[in-house]
Amino acid sequence: MNYSASAEMNAFVRVAERGSFAAAANDLGLTPSALSKLVTRIEDRLGVRLLTRTTRKLALTAEGELFVARSREILASIEAAEAEVTAASERPRGHLRVSVGTAVAKQILAQALPVFLDRYPDVTVELHVSDRQIDLVAEQVDIALRSGPLGDSTLVARKVAEATRVICASPLYLEKHGAPGVPADLLRHNCLTLPGPAWAQWPFHTHEGINRLAVAGNLTSDNADLLLDMAVAGLGIARLADFMVARAMRQGALVPLLTDSHVPESFPIHALTVAGRHRAPRIRAFIDFFAELFDRTA
């Protein structure tokens, strides 16, 4: 079987990323033996050893590290060139793998995905909902939507939204316990928080600057959606992202509290893609759609 240079590079990069012929072969639709022979042909042609093979794992040689790095650059340039040439006329199509946090998935995408899929009928979406950080390359994800500041990365990041935090409670809770008039009143209220000391330190403007008040309550959860549901049910006061509570506030299920003194602490939401792929029509269409969607729901 003959392979183009770019196909060989793609196959070798996949082997290096997956760390085994079996996993890479499964991704590429090949047999492990065929993939091993392909890599051997590349090594024979180049006259260098790219991989060190053992019974347990594969390891890149120094030459292999260099070849992987250059191959990634070349493959990204090829995809970028193809995307730029076709983007103006090509209708978005193909399979789209998206990783998204639970809050954005439930509060934003659950209502919006039918609209996206109706707008782009030639696109299929595979949605992975998780709050863990992922490796887009290893897990073959096209787009990851993530909240908060970004660390160092070779990924392409586009800021698609700016969110803030809101302190809120349900009318049911406030009818029973009263509304806090000043931040210190929160000390006698049941506050629902995420785990960790930082999430129980709510910031407020004071004459001395910004001070953080340590709040407490009878429920802590690592799932912000659960805290939202509990706040709507009247269990206590929560501090959550504005996009999470927007619909409940419009419906009167939650009301904002201490808006004059609370520090909302804005934070970004980014769409992350692998370098060279962000111009692909289906990827660009989804990111543009999400940015427009967030503008409408903000």
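None of the values given here were measured: they were computed from a predicted structure.

Chemist: Please give an account of the nonpolar core that cites residues and values.
Modeler: Judged by nonpolar contacts, the single largest core of 48 residues is most densely connected at Ile-143, Phe-243, Phe-286 and Phe-290. In terms of residue count, the dominant contributor to this core is helix α9 (residues 281-297) (nine residues). Phe-286 has contacts with Leu-96, Val-98, Leu-109, Leu-113, Phe-116, Ile-143 and Leu-145, leaving out every residue within four places of it along the chain. Grouped together as the second largest cluster of nonpolar side chains are 18 residues, Val-13, Leu-35, Val-39 and Phe-67 included.

Chemist: Before we move on, could you go through the pairing of strand β11 (residues 237-241) and cite the residues and values that matter?
Modeler: Burial runs high along β11: five of the five residues are buried. Inspection of the sheet shows strand β7 (residues 165-169) paired to β11 by four bridges, in the antiparallel sense. Paired with Ile-167 across the two strands is Arg-239, which belongs to β11. Here two bridges tie strand β8 (residues 191-192) to β11, and the two strands are oriented parallel to one another. Directly across from Leu-192, in β11, lies its bridge partner Ala-238.

Chemist: With reference to specific residues and values, describe the packing of helix α1 (residues 5-18) against helix α3 (residues 32-46).
Modeler: At a minimum axis distance of 10 Å, the contact between α1 and α3 shows a crossing angle of 115 degrees. The angle between α1 and α3 falls in the class roughly perpendicular. The interaxial crossing formed by α1 with α3 has left-handed handedness. Contact residues: α1 offers Glu-8, Ala-11, Phe-12 and Val-15, while α3 offers Leu-35, Leu-38, Val-39, Ile-42 and Arg-45. Of the residues that constitute the contact of α1 with α3, the class distribution is seven nonpolar, no polar and two charged.

Chemist: If you had to explain the layout of surface pockets to someone new, which residues and values would you point to?
Modeler: Leftover empty space is mapped by rolling, across the atoms, a probe with the size of a water molecule. Put simply, the largest pocket is a space of about 950 Å³. In terms of lining, the largest pocket is formed by 26 residues, of which the most central are Asn-10, Glu-17, Val-137, Val-274 and Arg-277. Counting residues per element, the ones that place at least two in the lining of the largest pocket are α1, α2 (21-28) and α4 (62-87). Here the lining of the largest pocket is built from residues that sort into twelve nonpolar, four polar and ten charged. Here the second largest pocket is characterised by a volume of approximately 610 Å³. Along its surface, the second largest pocket is lined by 25 residues, and Ala-103, Asp-131, Ser-147, Trp-199 and Ala-224 are the ones closest to its centre. Only α5 (102-119), β5 (143-147), β11 and α8 (242-250) provide two or more residues apiece to the lining of the second largest pocket. Grouping the amino acids of the lining of the second largest pocket by side-chain chemistry returns 13 nonpolar, seven polar and five charged.

The rules behind these values
Residues numbered from 1 in each chain as written. Predicted model: local features only at pLDDT ≥ 70, side-chain atom pairs only at ≥ 80, totals over all residues. Heavy atoms only, no water. Core = buried A, V, L, I, M, F, W, Y, C linked by side-chain atoms within 4.5 Å. Buried < 20%, exposed > 50% of the residue type's maximum accessible area, 1.4 Å probe, protein only. Helix = DSSP H or I, 4+ residues; strand = E, 2+ residues; numbered from the N terminus. Contact = heavy atoms within 4.5 Å. Pairing = 2+ DSSP bridges. Axes fitted to C-alpha atoms, helices over the stretch in contact; angles between N-to-C directions. Parallel < 35°, antiparallel > 145°, perpendicular 65-115°, else oblique. Left-handed = near helix turned anticlockwise from the far one by under 90°. Nonpolar A, V, L, I, M, F, W, Y, C, P; charged D, E, K, R; others polar. 1 Å grid on protein atoms, 1.4 Å probe; cavity = no way out; pocket = protein on both sides within 12 Å on 5 of 7 lines; lining within 4 Å. Points joined across faces, edges and corners; volume = space filled by probe spheres on them.

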